[in-house]
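If you want the building blocks of each chain, they are given just below.
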Amino acid sequence: MRKILFIPILILCIYSDSNIYSNNLIETIYRNIANINWQIESIVIKQGTNNPDEIVPANQITIIDTGRIIKGIIYFRDNKTVTIKNSDPEFYFNFYEQYKWELIDNDFIQFKRFGDDGKIIQSFGYKVLFTPDDKMQWIAEGTGIESGRKSVRIITLYHK
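Every value quoted in this text rests on a predicted model; they were computed, and no experiment measured them. (Residues numbered from 1 in each chain as written. Predicted model: local features only at pLDDT ≥ 70, side-chain atom pairs only at ≥ 80, totals over all residues. Heavy atoms only, no water.)

Caption draft 1: A look at the pairing of strand β5 (residues 100-104). On β5, burial follows the alternation: W101 and L103 on one face are buried, whereas K100, E102 and I104 on the facing-out side are not. Two strands pair when backbone bridges link them, and β5 and strand β6 (residues 108-114) are joined in this way by 5 bridges, in the antiparallel orientation. Among the inter-strand pairings, L103 is bridged to a residue of β6, identified as I109. Where β5 hands over to β6, the hairpin turn is made up of 3 residues, of which D105 adopts a positive phi near 55°. (Buried < 20%, exposed > 50% of the residue type's maximum accessible area, 1.4 Å probe, protein only. Helix = DSSP H or I, 4+ residues; strand = E, 2+ residues; numbered from the N terminus. Pairing = 2+ DSSP bridges.)

Structure (structure tokens):
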């Protein structure tokens, strides 16, 4: 009888150890981001950490909330191109129209810009988390080359 009870508990422990989520974010699978208008809800930059869940002092956090930077819509087309709609000239994503996008394994979005010869000349990406309320978060961790200072940028988008 003890062996029968031990096996489900062991399976539960193994499963829960391999499925660690951030403190207040339960990830959901949202495979299709194409043909949906995405609006920036917030852009948060934390200095001194590369953990998006870490609480940092107020003087180490920047919240970008100016209407000019977040006013606009990013639209991912089925053909992997990006269209920007209703944007201000200073919109955060304006230059993304030069790139093709790809959602890799439902947890990383990569943007690639190609030259006239078809070769990739620039590429960057973000870790992607989907929330139960149909929001998408892009997370970029960084470390300064010379300073070694850590930072993390969190861009939260919602359906428009």
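Caption draft 2: Broad picture of the nonpolar core. Counting 29 residues, the largest nonpolar core has I74, F76, F93, I109, F111 and W138 as its most contacted members. If you list the elements that add at least two residues to this core, you get β1 (37-47), β3 (73-76), β4 (82-85), β5, β6, β7 (120-130), β8 (136-143) and β9 (150-159). If sequence neighbours within four positions are ignored, I109 has contacts with I33, F76, W101, E102, L103, F124, G125, Y126, V128 and W138. (Core = buried A, V, L, I, M, F, W, Y, C linked by side-chain atoms within 4.5 Å. Contact = heavy atoms within 4.5 Å.)

Caption draft 3: Representation of the side chain of D88. Summarising the element assignment, D88 is placed in the loop between β4 and β5. By relative accessible area, D88 is classed as buried at 16%. At a separation of 3.5 Å, a polar atom in the side chain of D88 contacts the side chain of R68. Ignoring sequence-local partners within four residues, the contact set of D88 consists of R68, K71 and N94. (Polar contact = N/O pair within 3.5 Å; in protein donor to acceptor, adjacent residues only side chain to side chain.)

Caption draft 4: Representation of unusual backbone geometry. One non-glycine residue with positive phi stands out, namely N86, at about 50°. Here D134, not a glycine, exhibits a phi torsion of approximately 60°, which is positive. Mapped onto the secondary structure, D134 falls in the loop between β7 and β8.

Caption draft 5: A look at the environment of I109. Structurally, I109 is set in strand β6. Residue class for I109 comes out buried when judged on its relative accessible area of 0%. Considering only alpha carbons, one finds I109 and V128, 19 residues apart in sequence, at a separation of 6.5 Å.

Caption draft 6: Representation of the pairing of β1 within the structure. With 3 bridges joining them, β1 and β3 adopt antiparallel strand pairing. If you follow Q39 over to β3, its bridge partner there is I73. Of the pairings in the sheet, the one linking β1 to β9 comprises 9 bridges and is antiparallel in character. Note that in β9 the partner of Q47 across the bridge is S151.

Caption draft 7: Fine view of the packing of aromatic side chains. Going through the model one piece at a time under the given rule, you end up with 19 aromatic pairs. With 5.5 Å between their ring centres and 80° between their planes, Y92 and F93 make a pair best called edge-to-face. Judged by its relative accessible area of 19%, Y92 falls in the buried class. Linked through ring pairs, F76, F91, Y92, F93, F95, Y96, Y99, W101, F111, F124, Y126 and W138 together constitute an aromatic cluster. In this structure, K80 packs its charged tip against the face of W101, placed 4.1 Å from the ring centre. Over the face of the ring belonging to Y75 we find K85, whose NZ or CZ atom lies 4.0 Å from the ring centre. (Phe/Tyr/Trp six-rings, centres within 6.5 Å; stacked < 30°, edge-to-face > 60°. Lys NZ or Arg CZ within 6 Å of the ring centre and 35° of its normal.)

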